[in-house]
Each structure stands twice: as structure tokens, then as C-alpha cells.
Amino acid sequence: MTHEFDLAGSLARGVEGRSGAWSFIKGFAAHWASALESGDGCTEDDLVAAEERLGVRLPVTMREAYLLFGRRLDLTSNHDVLLSPTELYVDEAKEALVFRHENQGASSWGILLDRLQDDDPAVFIRADLADKSAERWEGWLERLSLCFVEIVLSESVQAGEALCDFLDPDDDSIELLEENCVQLSFPAYPIGEEEHATRWFLGQDVLLRDDDGMAILARGRTEEDLDRIRDQIPGDWLNG
């Protein structure tokens, strides 16, 4: 469905493990943004300095991701923020290594400290609540490599008004989404929320995220691609 890059097929392979995840991200960047270059990753010195400061060894998957594209803010930080190696920290409860923040600080993503030795550990999310005693690390995705794929997908649908749009959907919107687009092979998340999961779809050169029927976010490869999906799924698009 995309020129020279089979997004659906590459993503299906990308969710199987680390090497597939990095291949997907390379292909996606090349055909939906700009190709990865050698300077797009953090350096080994950056990661070693972070490990020495934190007193922990970063998981293999985190090291690979940061070395590959850790400086590509357009892939990681259009809306929510992937922390740089100098910004990584252990939460106050000493439960998790935090590596990502929601854009308004409403939540954080982290890896439990007792799982840092895993090559590709599970990722958890914690809401920032007024009652700090009620905060808990809740399951997000079962592998960090999946999380990095999700980061690239989610940040791509937040890349700017020219290529991205937002729809507050009704029942017809969801039906039209399912009729006009193909659901992509990405695991249901957050963990344990299969009935209320985020879903990913691909139209004709348009990537879409369905947030449990509460919102549809779209990213076209071109403005014309985005206009086409607005016609296929009519509604009060934010930028339309």
C-alpha cells in the first residue's frame, strides 16, 4: 500500500523481535520521514555515561534503539518525549527506570528495575496522580522493542498539521475505518485492555490509530493522501 515499502508486512515482522523492529523502523523512516543516518543515534559514550550515572546496565534493546535513532526527535518526540541518555532516571520509589514522558507530564513509561537484566524487557506506564500513594506501574507492552515501534508509529501521527489530522469519531466513523482500511498486526495494548485496546490501520498511503473509538489519528504520506481519508471517513476533522 506504500511505494517501495510494504508497511503492513514489515510491521508484521517487526513485532516478532528486535531485529525485525529495527528493520521496520529503518524502512518506515526512509519512506515516511527521512532515512536514518549514522549521526541519528546516540553514541556509545552517551550510554556508558548514563549507565555510570544511574548505576545500572541498560537493556540490550534500549542500547540498540538509542544507538540507531536516539537523536531523531521527529521519530520519537513530536508529542510525547523519549528521554535522552542524560535525562534517564530511576523513579522516587526505586521501582523503575523511566525513559519516556507524556507531553504534559500526565504519565511516564519505564522498565522495572528487577527486569533490567532482560534483553527485551516489558514496559510499564504510570499515571501522574494527585494522590501519589495511588500511583502504580501498569502493564503497557510485553517487550521494549514493541514499545519503540509503537513510539515511532504514534509520533508519526503527531508530526504536524500538514500531514496529520485528528477525528472525534462516531459509530459510523469506526465502521468506515474498518471498511476502508486494513488493520495492522500489532499486539493489543495496554496489556490487559484487549477489549479497549489501541488499534492501528493502513489505508492508501495513510496510517491511522484508533484509540478505542475515542479518537482517530491519521498521518498521510502526502497532503492528498490525507484528504482522501477525510473523504472516506467524513467528520469534523480538526485540521480539515
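Just so you know, these numbers come straight off a predicted model, no measurement behind them. Each chain carries its own residue numbering, running from 1 in the written order of its sequence. Local features in this predicted model are restricted to residues whose pLDDT is 70 or higher, and side-chain atom pairs enter the listing and the counts only when it is 80 or higher, whereas totals over whole chains, interfaces and linings include all residues. Heavy atoms from the whole structure form the basis of all side-chain values; hydrogens and water molecules are not counted.

S.K.: Can you tell me about the overall build of the chain, naming the residues and giving the values?
M.R.: When you go through the chain residue by residue, the secondary structure sums to 8 helices and 11 strands. Relative to its length of 240 residues, the chain is compact, with a C-alpha radius of gyration of 18 Å against a globular reference of 18 Å. Its C-alpha atoms put the chain at 55 × 45 × 30 Å along the principal axes. Taking all 240 residues of the chain together, the buried fraction comes to 50%. It only takes one pair of heavy atoms within 4.5 Å for two residues to be counted as in contact. Considering only contacts in the chain between residues 6 or more positions apart, those separated by 24 or more positions represent 55%. For accessible areas, the Shrake-Rupley method is used with a probe of radius 1.4 Å. Any residue's cover is judged against the shown protein chains and nothing else. As displayed, the chain has an accessible area near 11400 Å², and 47% of this comes from carbon and sulfur atoms. One way to put it: in the chain the 21 positive side-chain charges average out to a point 7 Å from where the 51 negative ones average out. Counting from the N terminus, the helices are the DSSP runs of H or I reaching at least four residues and the strands are the DSSP runs of E reaching at least two. It is over C-alpha atoms that the radius of gyration is taken, and the globule rule equals 2.2 Å times the number of residues to the power 0.38. Under the scheme applied here, a residue whose accessible area is under 20% of the maximum for its type counts as buried, over 50% as exposed, and between as partly exposed, the area being computed with a 1.4 Å probe on protein chains only. Here the positive residues are Lys and Arg and the negative ones are Asp and Glu; neither His nor the chain ends is included. To locate a charge, take NZ of a lysine, CZ of an arginine, CG of an aspartate or CD of a glutamate.

S.K.: Got a sec to walk through the nonpolar core? Specific residues and values, please.
M.R.: Among the nonpolar cores identified, the biggest contains 55 residues, and Leu88, Phe99 and Phe148 are the most heavily contacted of them. Broken down by element, this core gets its largest block of residues, 8 residues, from helix H6 (residues 144–156). Aside from chain neighbours lying at most four places away, what touches phenylalanine 148 is Trp22, Ile25, Thr61, Met62, Ala65, Tyr66, Phe69 and Leu82. Listed in part, the 13 residues of the second largest apolar core include Leu167, Leu177, Ile216 and Trp237. Here, nonpolar core means buried Ala, Val, Leu, Ile, Met, Phe, Trp, Tyr and Cys residues that are tied together by side-chain atoms lying within 4.5 Å of each other.

S.K.: Tell me about H6, and name the residues and values.
M.R.: Any helix carries an expected span of 1.5 Å times its number of residues minus one. Helix length check: H6, at 13 residues, gives a terminal C-alpha distance of 18 Å against a target of 18 Å (1.5 Å per residue), a fit within 8%. Counting buried residues in H6 gives 13 out of 13 residues, a clear majority hidden from the surface.

S.K.: Please set out unusual backbone geometry residue by residue, giving values where relevant.
M.R.: Each neighbour pair has its own omega, and for tyrosine 189 with proline 190 the value is 0 degrees, a cis peptide bond. Structurally, proline 190 can be placed in the loop between strand E8 (182–183) and strand E9 (198–202).

S.K.: Outline a negative patch on the surface, supporting the account with residue identities and numerical values.
M.R.: To count toward a patch, a residue needs a relative accessible area over 30% and no salt bridge; like charges are then connected within 9 Å, while nonpolar side chains (Val, Leu, Ile, Met, Phe, Trp, Tyr) are connected within 5 Å. Whenever a carboxyl oxygen of Asp or Glu lies within 4 Å of a side-chain nitrogen of Lys or Arg, that contact is scored as a salt bridge. A surface patch of negative charge is lined by Asp168, Asp170, Asp171, Asp172, Glu175, Glu179 and Asp236. Here aspartate 170 is to be found in the loop between strand E7 (164–167) and helix H7 (171–180).

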